Amino acid sequence: MENEKQDLKIKLPPALEPNMKEKLQCLQQICHDFEQSFGGVGTSMTDESSDGQILNHIFQNLFPSELKSAEIPENELNREINLIIRCIEGGIGNLRNEKSFEIIAKKQIRLLKEPSLHCLQLCIAQLSTVIRQCAQALNGYESMKEETEKILLSTLQEREILCKTNIILFIDAELAYINSNHEDFIGFESVQRSLLKLLY
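Conventions and cut-offs
- Going along each chain's sequence as written, the residues are numbered from 1 onward.
- With the structure being a predicted model, the display of local features is reserved for residues of pLDDT at least 70 and the display and counting of side-chain atom pairs for 80 or more, all residues being used for whole-chain, interface and lining totals.
- Where side-chain values are given, they derive from all heavy atoms of the structure, hydrogens and water being excluded.
- For every element, the axis is a line fit to its C-alpha atoms; helices are fit only across the contacting stretch, and the angle between N-to-C directions ranges from 0 to 180 degrees.
- Put simply, DSSP H or I for four residues or longer makes a helix, DSSP E for two residues or longer makes a strand, and each gets a number counted from the N terminus.
- When describing relative orientation, an angle under 35 degrees is termed roughly parallel and one over 145 degrees roughly antiparallel, while 65 to 115 degrees is termed roughly perpendicular and anything else oblique.
- Note on convention: the crossing is left-handed when the near helix lies turned anticlockwise from the far helix by less than a right angle, right-handed when the turn is clockwise.
- It only takes one pair of heavy atoms within 4.5 Å for two residues to be counted as in contact.
- When two cysteine sulfur atoms are found within 2.5 Å, that pair is recorded as a disulfide.
- Only protein chains enter the accessibility calculation, which uses a 1.4 Å probe. A residue is then buried if its area is under 20% of the maximum for its type, exposed if over 50%, and partly exposed in between.
- For every residue, the pLDDT score states the predictor's confidence, bounded by 0 at the bottom and 100 at the top.
- Here the expected length of a helix is defined as 1.5 Å per residue gap, with one fewer gap than residues.
- Any residue with relative accessible area above 30% and no salt bridge may belong to a patch, with like charges joined within 9 Å and the nonpolar Val, Leu, Ile, Met, Phe, Trp and Tyr side chains within 5 Å.
- Residue exposure ignores everything except the shown protein chains as possible cover, and the areas themselves are Shrake-Rupley values with a 1.4 Å probe.
- Salt bridges are defined as contacts in which a side-chain nitrogen from Lys or Arg sits within 4 Å of a carboxyl oxygen from Asp or Glu.
- Note that His is not counted, nor are the chain ends; the positive residues are Lys and Arg, and the negative ones are Asp and Glu.

Peer 1: Help me understand the packing of helix α3 (residues 51-70) against helix α6 (residues 113-134) in this model?
Peer 2: The relative placement of two packed helices is expressed as an angle between their axes plus a distance between the axes. At a minimum axis separation of 9 Å, α3 and α6 run at an interaxial angle of 165°. With respect to their mutual orientation, α3 and α6 come out roughly antiparallel. The crossing of α3 and α6 is right-handed. Contacts between α3 and α6 involve D51, I54, L55, I58, F59, L62, F63, E66, L67 and A70 on the former and, on the latter, P115, S116, H118, C119, L122, C123, Q126, L127, V130 and Q133.

Here you go:
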């Protein structure tokens, strides 16, 4: 059994073994450092915050705050609803209600695009920083360090493009069809009537 074990082991040439072993250890250290950098998910930010806390802060605090700042104030929204109802010509009854609702809903959905893409940019910037920090484990092997960084950053860039495409596709899909008969929107007609009573 011991002989079989020895046969299964891969033997590297003696001249390469020490250098190769060190390089493999450095690569394993990069993987370990990358995983460890995302430990901690608390929302309180300090100078010593882990990268996981920073990403969590982006999603839990910055993203919702950007969404809130992109929100249309209620009084302006009411004014827009009234204006749209007045501007739609030839609309009769529910057709006019649905069309005005659709215009407002689409405008609200479009407001999600910029904060979402900005959140993606912040996350990619943080991940790029982590990759560069982790690659410091290869400081003794500059060409290997450059190549490793290049591979990791290009993979990250591919994922960024894919994620950005998916965000845009999702928002475009939501804009493509607004179901004004959905139970969440059934009360729109009564809201519209009450607005018209206030305005006239």
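Peer 1: Would you explain the state of the cysteines in this entry?
Peer 2: A covalent bond bridging the sulfur atoms of two cysteines is what the word disulfide describes. Taken as a whole, this structure holds zero disulfides when the rule is applied. The cysteine C31 is free of any disulfide, with C134 supplying the nearest cysteine sulfur at 9.0 Å. Left without a disulfide partner, C119 is nearest to the cysteine sulfur of C123, which lies 4.4 Å away. Taking the relative accessible area as the measure of exposure, C119 reaches 7% and is therefore buried.

Peer 1: Before we go on, may I ask you to explain the confidence of the model for the protein chain in this structure?
Peer 2: If pLDDT is low for a region, its predicted coordinates should not be looked at in detail. For the protein chain, the average pLDDT comes to 76, and 68% of its residues sit at 70 or higher. Least confident of the elements in the protein chain is helix α1 (residues 2-8), whose mean pLDDT is 51; most confident is α6, at 92. Note that pLDDT drops below 50 for residues 41-45; the model gives that stretch 13 contacts with residues more than four away or on any other chain.

Peer 1: Looking at this model, I keep getting lost on helix α7 (residues 142-176). Mind explaining?
Peer 2: A turn of α-helix holds 3.6 residues, and therefore any two residues three or four places apart point the same way. Given a rise of 1.5 Å per residue, 35 residues ought to cover 51 Å, and the 50 Å separating the end C-alpha atoms of α7 matches this to within 8%. Taken as a whole, α7 has its buried residues at M144, K145, T148, E149, L153, L156, E160, I167, I171 and L175.

Peer 1: Sorry if this is basic, but what is going on with a nonpolar patch on the surface here?
Peer 2: On the surface, M20, L24 and L27 cluster together into a nonpolar patch covering about 230 Å² of accessible area. Here L24 lies in helix α2 (residues 17-36).

Peer 1: I would appreciate a short explanation of the side chain of K145 in the present structure.
Peer 2: Tracing the backbone through its elements, the reader meets K145 in helix α7. E142 is the oppositely charged side chain nearest to the buried, salt-bridge-free K145, at an N-O distance of 4.4 Å. With near-sequence residues (within four places) excluded, K145 lies in contact with A135, Q136, L138 and N139.

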